[in-house]
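Survey of secondary and tertiary structure
One-letter residues, chain by chain:
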Amino acid sequence: NAGVMQNPRHLVRRRGQEARLRCSPMKGHSHVYWYRQLPEEGLKFMVYLQKENIIDESGMPKERFSAEFPKEGPSILRIQQVVRGDSAAYFCASSPNSAGTGYEKLFFGSGTQLSVL
Amino acid sequence: AQSVAQPEDQVNVAEGNPLTVKCTYSVSGNPYLFWYVQYPNRGLQFLLKYITGDNLVKGSYGFEAEFNKSQTSFHLKKPSALVSDSALYFCAVRALGSQNFVFGPGTRLSVLP
């Protein structure tokens, strides 16, 4: 049973370019979370998605950032017109059940390290 | 609103000694509490969770954590530390019905040989 798969592991972009980060949840999981980790900082929640729905995007910057989780295919975190401050590790996590149960743990991918030159 | 505090950025302990990594939380209603560990260049790995029942929870790699409702704490412990335990440890909380897991800032544990 493959775990949460994120690609690419490392992504280098120049300022102004677009970054696309992909996340395939564990088999059978329909809930995806994106977190950002800045150097020497903790994890910051960005967005929570279910298939074809954004449930909570309260942690997403208002501009340039978007996320989707289509019916088929991986979840995508998209950053337009990247700036140096976007450089960070972006982690995806998945869980099998709805938030209402509360007790399901998250399964994390290995992350994508975004470097903006 | 949910929040998690890990008051120590860094914890140093000698190999073979007991270790404690502290966590306090704030949440409305019953908390679901988790500990995760992150090794360099890796994603977070689940260690243990408290949902209900016995306040002492046992998890992976010999770790355990004690839920203390009156002190709103969920400290991570291990009786005898190993050098291989050196990593970044995150405490997380989730409230019933909440969409989010809220993570603490992390505590870096260094176990010295």
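Residues numbered from 1 in each chain as written. Chains lettered and ligands numbered in written order. Predicted model: local features only at pLDDT ≥ 70, side-chain atom pairs only at ≥ 80, totals over all residues. Heavy atoms only, no water.

1. Some remarks on the layout of surface pockets
Considering only enclosed or pocket space, the largest pocket measures out at about 460 Å³ in volume. Along the wall of the largest pocket there are 23 residues; nearest its centre are A:Gln37, A:Gln113, B:Gln38, B:Pro40 and B:Asn41. For the lining of the largest pocket, the residue count by class is 9 nonpolar, 9 polar and 5 charged. The computed volume of the second largest pocket comes to approximately 250 Å³. What lines the second largest pocket is a set of 15 residues, among which A:Phe107, A:Phe108, B:Leu44, B:Gln45 and B:Phe46 lie closest to the centre. Secondary structure elements with two or more residues in the lining of the second largest pocket: strand S10 (107-108) of chain A together with strand S6 (44-50) of chain B. No other element matches the 3 residues that S6(B) contributes to the lining of the second largest pocket. Class assignment of the residues belonging to the lining of the second largest pocket gives a composition of 8 nonpolar, 5 polar and 2 charged. (1 Å grid on protein atoms, 1.4 Å probe; cavity = no way out; pocket = protein on both sides within 12 Å on 5 of 7 lines; lining within 4 Å. Points joined across faces, edges and corners; volume = space filled by probe spheres on them. Nonpolar A, V, L, I, M, F, W, Y, C, P; charged D, E, K, R; others polar. Helix = DSSP H or I, 4+ residues; strand = E, 2+ residues; numbered from the N terminus.)

2. What about the state of the cysteines?
Residue and element names in this part refer to chain A. Summed over the entire model, instances satisfying the criterion amount to 2 disulfides over all chains. Shown here is the disulfide that connects Cys23 with Cys92, its sulfur atoms set 1.8 Å apart. The sign of the -55° torsion about the S-S bond sets the Cys23-Cys92 disulfide as left-handed. Of this pair, Cys23 sits in strand S3 (residues 19-24) while Cys92 sits in strand S9 (residues 88-95), and the two are 69 residues apart along the sequence. In this structure, Cys23 and Cys92 share a single accessibility class: buried. (Disulfide = S-S within 2.5 Å. Buried < 20%, exposed > 50% of the residue type's maximum accessible area, 1.4 Å probe, protein only.)

3. Notes on the nonpolar core
Among the nonpolar cores identified, the biggest contains 28 residues, and B:Trp35, B:Leu47, B:Leu48, B:Phe74, B:Leu76 and B:Tyr89 are the most heavily contacted of them. Listing elements by their share of this core, those giving two or more residues are strand S2 (10-14), strand S3 (19-21), strand S5 (31-38), S6, strand S8 (64-68), strand S9 (73-78), strand S10 (87-95) and strand S12 (107-112) of chain B. It is S10(B) that contributes the most residues to this core, 5 residues altogether. Excluding anything up to four places from it in sequence, B:Tyr89 contacts B:Gln6, B:Trp35, B:Tyr36, B:Val37, B:Leu47, B:Phe63, B:Leu76, B:Gly106, B:Thr107 and B:Leu109. With 23 residues, the next largest nonpolar core counts A:Val32, A:Ile79, A:Val82 and A:Cys92 among its residues. (Core = buried A, V, L, I, M, F, W, Y, C linked by side-chain atoms within 4.5 Å. Contact = heavy atoms within 4.5 Å.)

4. Quick notes on the sheet that holds strand S1 (residues 5-7) of chain A
Two pairing modes exist for strands in a sheet, parallel and antiparallel, and in both the strands are linked by backbone hydrogen bonds. Residue and element names in this part refer to chain A. An order of S1-S3-S8-S7 is seen for the 4 strands of this open sheet, with the pairing classed as antiparallel. The outermost strands of the open sheet, each flanked by one partner alone, are S1 and strand S7 (65-68). In this sheet, neighbouring strand axes are inclined to one another by 15° on average, regardless of whether the strands run parallel or antiparallel. (Pairing = 2+ DSSP bridges. Axes fitted to C-alpha atoms, helices over the stretch in contact; angles between N-to-C directions.)

5. As for the pairing of S10(B)
All names here are of chain B. Taken across its 9 residues, S10 has 9 buried, putting it largely inside the fold. For S5 and S10, the ladder comprises 8 bridges, and the chain directions are antiparallel. Its bridge partner being in S10, Leu33 is matched across the sheet by Val93. Strand direction decides the pairing type here: S10 and S12, joined by 3 bridges, are antiparallel.

Spatial relationships are all this shows, so hold off on functional conclusions.
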